[in-house]
Amino acid sequence: MKHALRTSALSTLLAMAAAGAAASGSHADAIGEPGVPAKATRTVQVDMTDGMRFTPADVRVKQGETVRFVVKNAGQLKHELVLGTEQSLKAHYEAMKKNPEMEHAEPNMVTLAPGKTGEVVWRFTHAGKVDFGCLQPGHYDAGMKGAVTVAALPAVDRR
Ligand SMILES: [Cu+2]
């Protein structure tokens, strides 16, 4: 009973934190924004395996590009692909470890049961690096992570 209460309080806290982050928009701004599927200029297939790897783990895009990630869980375990800053991924991962039952669904992520395929459509608005990882307990620590390198466009091409 004591444990259940604690978990419930934690869930409430996490939900409040998530709502706050969504309201401020700061998290999404740092890595880009949800993409409009019809505007996707490229499709990238990503496989997730029980070897705790994403294939490919290195994706290169151009600033402003909308990318459709078609993500396949080729393993026997639940896996997910979450886009974020390294800092936000680590924070989220620690929260998940404390509360493995935590359910979440946001535009920057897709969680998949074994054998399932799903999509994340994302527009990369800033040049630099956007990290991604699987935040299922133990997976991120085991190396289930990757990065999207966003190449800057010449100023004249920016919109
Ligand atoms: Cu995983």
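We now turn to the structure provided with this report. Just so you know, these numbers come straight off a predicted model, no measurement behind them.

## Quick notes on the sheet that holds strand β5 (residues 66-73)
Point 1. Ordered in space as β1-β8-β5-β2-β3, the five strands form an open sheet in which the pairing is mixed. Edge positions in the sheet fall to β1 (33-34) and β3 (53-55), since each has one partner strand and no second.

## With respect to the coordination of the copper ion
Point 1. Within the protein, the copper ion binds to H79 (ND1), C134 (SG), H139 (ND1) and M144 (SD); these donor distances fall in the range 2.0 to 2.6 Å.
Point 2. In this structure, the copper ion is coordinated by four donor atoms arranged in irregular fashion, with angles at the metal of 94 to 136°.
Point 3. Positions of the donor residues of the copper ion, expressed as sequence spacing, correspond to H-x54-C-x4-H-x4-M. On the criterion of sequence distance, the pair formed by H79 in strand β6 (residues 79-84) and C134 in the loop between β9 (128-133) and β10 (145-151) is long-range, its members being 55 residues apart.

## Let's talk about the side chain of E65
Point 1. Structurally, the position occupied by E65 is in the loop between β4 (58-62) and β5.
Point 2. The exposure class assigned to E65 is buried, which follows from its relative accessible area of 12%.
Point 3. Reaching out from E65, the side chain makes a polar contact with the backbone nitrogen of K62 at a distance of 2.9 Å.
Point 4. Beyond its immediate stretch of four places on either side in the chain, E65 contacts T41, R42, W122, R123 and F124.

## A short note on the pairing of β10
Point 1. With five bridges connecting them, β4 and β10 associate as parallel partners. Counterpart to R60 in the pairing with β10 is T149.

## Quick word on the environment of G138
Point 1. Topologically, G138 is positioned in the loop between β9 and β10.
Point 2. Residue classification places G138 among the partly exposed residues on the basis of a relative accessible area of 34%.
Point 3. Sequence-wise, G138 and M52 are 86 residues apart; in three dimensions their C-alpha atoms are separated by 9.2 Å.

## Let's talk about the pattern of salt bridges
Point 1. Evaluation of the coordinates by the stated rule reveals seven salt bridges.
Point 2. With its nearest N and O atoms 3.1 Å apart, the salt bridge here joins R42 to E65. One end of the pair, R42, is in strand β2 (residues 42-49); the other, E65, is in the loop between β4 and β5, and 23 residues separate them in sequence.
Point 3. Judged by its relative accessible area of 29%, R42 is partly exposed.
Point 4. Among the salt bridges present, the one from E119 reaches R68, with a minimum N-O distance of 2.9 Å. Of this pair, E119 sits in strand β8 (residues 117-123) while R68 sits in strand β5, and the two are 51 residues apart along the sequence.
Point 5. Of the residues examined, E119 reaches a relative accessible area of 42% and is grouped as partly exposed.
Point 6. Among the ionic contacts, a cluster of salt bridges with common partners joins E94, K97 and D141.

About the criteria used
- Residues numbered from 1 in each chain as written.
- Predicted model: local features only at pLDDT ≥ 70, side-chain atom pairs only at ≥ 80, totals over all residues.
- Heavy atoms only, no water.
- Pairing = 2+ DSSP bridges.
- Helix = DSSP H or I, 4+ residues; strand = E, 2+ residues; numbered from the N terminus.
- Donors = N, O, S within 2.8 Å, 3.2 Å for Na, K, Ca; no water.
- Tetrahedral: all angles 85-135°; square planar, octahedral: opposite > 155°, others 65-115°.
- Buried < 20%, exposed > 50% of the residue type's maximum accessible area, 1.4 Å probe, protein only.
- Polar contact = N/O pair within 3.5 Å; in protein donor to acceptor, adjacent residues only side chain to side chain.
- Contact = heavy atoms within 4.5 Å.
- Salt bridge = Lys/Arg side-chain N within 4 Å of Asp/Glu carboxyl O.

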